[in-house]
Amino acid sequence: MEKHITLPLTAELAKTLHAGDTVYLTGTIYTSRDAGHKRMCEALARGEKIPFDPTDATIYYVGPTPAKPGQVIGSAGPTTSGRMDAYAPTMMSVGARGMIGKGARLPEVVEAMKKYSGVYFGAIGGAGALLAKCIKSAELIAYEDLGAEALRKLYVEDMPLVVIIDSEGNNLYEEGRAAYLAQHK
């Protein structure tokens, strides 16, 4: 099913999304990779706030290239999500709900998604220039010393994604593989 959704990703909205849905996402998202996630989780462990309100937030696992003159951002393709698996349950526990990346997730991340109504969206690897065209504004908000991995606030319009794992734990990677194998016995 194809859906156009506007963020924030509330629990109610998350529950309407199903593994395999094509989604066009519009709204504010945040960027972070493993170094930024580590810092945020360390801050949370010390009882400190993180640089943005995580409530119903969606985090894009990306380290964009520098913007060329006249561009909002450089190429902005997804990074491998497994690098954030150690931090994703903590981020969901404080309210973050959506994750955008590529690749498989660990079972403990899927369990956290079921507990906190999280959704994992897949972005097309290798299509960073195309995805960058959906980004209408980009603002550096923290961890500038991390360069490409700094924390940014982006506004996206109609970002093309696929729901890989939904809030019930249904996993397109597993379902797709099972369907293929069933057809080719």
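Calculation rules
- Residues numbered from 1 in each chain as written.
- Predicted model: local features only at pLDDT ≥ 70, side-chain atom pairs only at ≥ 80, totals over all residues.
- Heavy atoms only, no water.
- UniProt positions renumbered as here; feature names shortened; annotations may be inferred.
- Phe/Tyr/Trp six-rings, centres within 6.5 Å; stacked < 30°, edge-to-face > 60°.
- Helix = DSSP H or I, 4+ residues; strand = E, 2+ residues; numbered from the N terminus.
- Buried < 20%, exposed > 50% of the residue type's maximum accessible area, 1.4 Å probe, protein only.
- Lys NZ or Arg CZ within 6 Å of the ring centre and 35° of its normal.
- Core = buried A, V, L, I, M, F, W, Y, C linked by side-chain atoms within 4.5 Å.
- Expected span 1.5 Å × (residues − 1).
- Contact = heavy atoms within 4.5 Å.
- Arc of directions from axis to C-beta.
- Salt bridge = Lys/Arg side-chain N within 4 Å of Asp/Glu carboxyl O.

- An unreviewed UniProt entry annotates the protein as Fe-S-containing hydro-lyase originating from Anaeromassilibacillus senegalensis.
- For the protein, the Sequence similarities (unreviewed entry) comment in UniProt is given as "Belongs to the class-I fumarase family."

## Considering the packing of aromatic side chains
Line of reasoning, step 1. By the definition in use, this model includes one aromatic pair.
Line of reasoning, step 2. A ring pair is formed by Y30 and F52, whose centres lie 4.1 Å apart and whose planes are at 15°; its orientation type is stacked. Placement of the pair is Y30 in strand β2 (residues 22-31) and F52 in the loop between α2 (34-45) and β3 (58-60), with a sequence separation of 22 residues.
Line of reasoning, step 3. Classification of Y30 by relative accessible area gives buried; the value is 13%.
Line of reasoning, step 4. Judged by its relative accessible area of 7%, F52 falls in the buried class.
Line of reasoning, step 5. The cationic tip of R105 hangs over the ring face of Y120; the distance from NZ or CZ to the ring centre is 4.8 Å.

## Regarding the nonpolar core
Line of reasoning, step 1. L9, L25, I29, Y60, I100, F121 and M159 are the most contacted members of the largest nonpolar core, which has 26 residues in total.
Line of reasoning, step 2. Secondary-structure elements contributing two or more residues to this core are α1 (11-14), β2, β5 (119-122), α5 (128-132) and β7 (151-165).
Line of reasoning, step 3. No other element matches β7, which puts five residues into this core.

## A look at the UniProt feature "domain: Fe-S hydro-lyase tartrate dehydratase beta-type catalytic" (unreviewed entry) in the protein
Line of reasoning, step 1. When the UniProt feature table is mapped to this numbering, "domain: Fe-S hydro-lyase tartrate dehydratase beta-type catalytic" (unreviewed entry) covers residues 10-175.
Line of reasoning, step 2. Between the first and last C-alpha atoms of residues 10-175 the distance is 25 Å; the span itself is 25% helix and 27% strand.

## So, α2
Line of reasoning, step 1. Helix length check: α2 (12 residues) gives 16 Å between terminal C-alpha atoms against 16 Å at 1.5 Å per residue, within 8%.
Line of reasoning, step 2. Residues of α2 that are buried sit in contact with β3, α3 (88-93) and β7.
Line of reasoning, step 3. Directly beyond the C-terminal end of α2, a positive phi value near 80° is found at G47.

## Points about helix α4 (residues 107-116)
Line of reasoning, step 1. Inspection of α4 places V109, V110, A112 and M113 among the buried residues, and these make up the whole buried set. Seen end-on, α4 carries its buried residues on one side only, within an arc spanning 160°. The outward face of α4, more than 90 degrees from its buried face, is lined by the exposed residues P107 and K115.
Line of reasoning, step 2. Along its buried surface, α4 packs onto α3, β4 (98-101), β5 and β7.

## Here's the deal with the pattern of salt bridges
Line of reasoning, step 1. Taken as a whole, this structure holds nine salt bridges when the rule is applied.
Line of reasoning, step 2. For R83, the salt bridge goes to D34, with nearest N and O atoms at 2.7 Å. Within this pair, whereas R83 is found in the loop between β3 and α3, its partner D34 is found in helix α2, the two being separated by 49 residues in sequence.
Line of reasoning, step 3. A residue is classified by how much of its surface remains accessible, and D34, at 25% relative accessible area, is partly exposed.
Line of reasoning, step 4. The shortest N-O distance in the salt bridge between R97 and D56 comes to 2.8 Å. Of this pair, R97 sits in the loop between α3 and β4 while D56 is found in the loop between α2 and β3, placing the two residues 41 residues apart along the sequence. D56 carries the same exposure label as R97, and that label is buried.

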